[in-house]
Amino acid sequence: ITGELDLHPFDPRDTAELLQAYFEEAQAAGLREIRVVHGKGTGTLRATVHAWLRRSPRVADFRSGDEHSGGWGATIVRLKPVR
């Protein structure tokens, strides 16, 4: 597990399942920040990712990447600590 999940190789229909599994493993590994790469495209995948992040009890907050982390083609997610 690294601090980055690139969604490009996956079917967009699997996004929620991928995020759930990846964030579970990331928290178990002690990671607190994840970079989710969804690409710029039409913005549909980004919207799907952001909608899922808003509902996830694992997510403390998130923001679009900056010029060094992918711009609006990536989202930086801060996970809640494991209790």
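See above for the structure.
Here's what I pulled together on the structure shown here. Everything numeric here is computed off the predicted structure, so don't read it as measured data. (Residues numbered from 1 in each chain as written. Predicted model: local features only at pLDDT ≥ 70, side-chain atom pairs only at ≥ 80, totals over all residues. Heavy atoms only, no water.)

**Observations concerning the overall build of the protein**
Here's step 1: What the protein contains, in helices and strands, is 2 helices and 4 strands.
Here's step 2: From first element to last, N terminus to C terminus, the protein shows the α and β order β-α-β-α-β-β.
Here's step 3: At 12 Å, the protein has a C-alpha radius of gyration in line with the 12 Å of a compact globule built from 83 residues.
Here's step 4: Along the three orthogonal principal directions, the C-alpha set of the protein runs to about 35 × 30 × 20 Å.
Here's step 5: Within the protein, the proportion of its 83 residues that are buried is 36%.
Here's step 6: In the protein, once contacts between residues fewer than 6 apart in sequence are set aside, the share between residues at least 24 apart is 60%.
Here's step 7: For the protein, the exposed surface amounts to about 5100 Å²; the carbon and sulfur share of it is 51%. (Helix = DSSP H or I, 4+ residues; strand = E, 2+ residues; numbered from the N terminus. Rg over C-alpha atoms; globule rule 2.2 N^0.38 Å. Buried < 20%, exposed > 50% of the residue type's maximum accessible area, 1.4 Å probe, protein only. Contact = heavy atoms within 4.5 Å. Areas by Shrake-Rupley, 256 points an atom, 1.4 Å probe, with all protein chains shown as cover.)

**Examining the pairing of strand β2 (residues 33-37)**
Here's step 1: Bridging between strand β1 (residues 4-6) and β2 involves 3 bridges; their strand directions are parallel. Within β2, the position partnered with Leu 5 by the bridge is Val 36.
Here's step 2: A crossover connection joins β1 to the parallel β2 through helix α1 (residues 15-28); in handedness this β-α-β unit is right-handed.
Here's step 3: When β2 meets strand β4 (residues 74-79), the two strands line up antiparallel, connected through 5 bridges. Across the sheet, the residue bridging to Arg 35 is Ile 76, located in β4. (Pairing = 2+ DSSP bridges. Right-handed = clockwise from strand over helix to strand, strands pointing away.)

**Some details on the sheet that holds β1**
Here's step 1: What the 4 strands build is an open sheet, ordered β1-β2-β4-β3; its pairing is mixed. Two strands bound the open sheet, and with one partner strand each, they are β1 and β3 (59-64). For this sheet the average axis-to-axis angle between neighbouring strands, irrespective of direction, equals 20 degrees.
Here's step 2: Against the sheet, α1 makes contact with β1, β2, β3 and β4, and its axis sits at roughly 155 degrees relative to β2, the strand it touches most. (Axes fitted to C-alpha atoms, helices over the stretch in contact; angles between N-to-C directions.)

**Considering the packing of aromatic side chains**
Here's step 1: Inspection of every chain in the model, using the stated rule, returns 1 aromatic pair.
Here's step 2: Measuring from ring centre to ring centre gives 5.5 Å for Phe 23 and Trp 52, while their planes differ by 70 degrees; the resulting arrangement is edge-to-face. With Phe 23 in helix α1 and Trp 52 in helix α2 (residues 44-55), the pair connects residues that are 29 residues apart, well separated along the chain. The residues Phe 23 and Trp 52 share a single accessibility class, namely buried.
Here's step 3: Lying over the aromatic face of Trp 72, Lys 40 brings its terminal NZ or CZ to 5.6 Å of the ring centre. (Phe/Tyr/Trp six-rings, centres within 6.5 Å; stacked < 30°, edge-to-face > 60°. Lys NZ or Arg CZ within 6 Å of the ring centre and 35° of its normal.)

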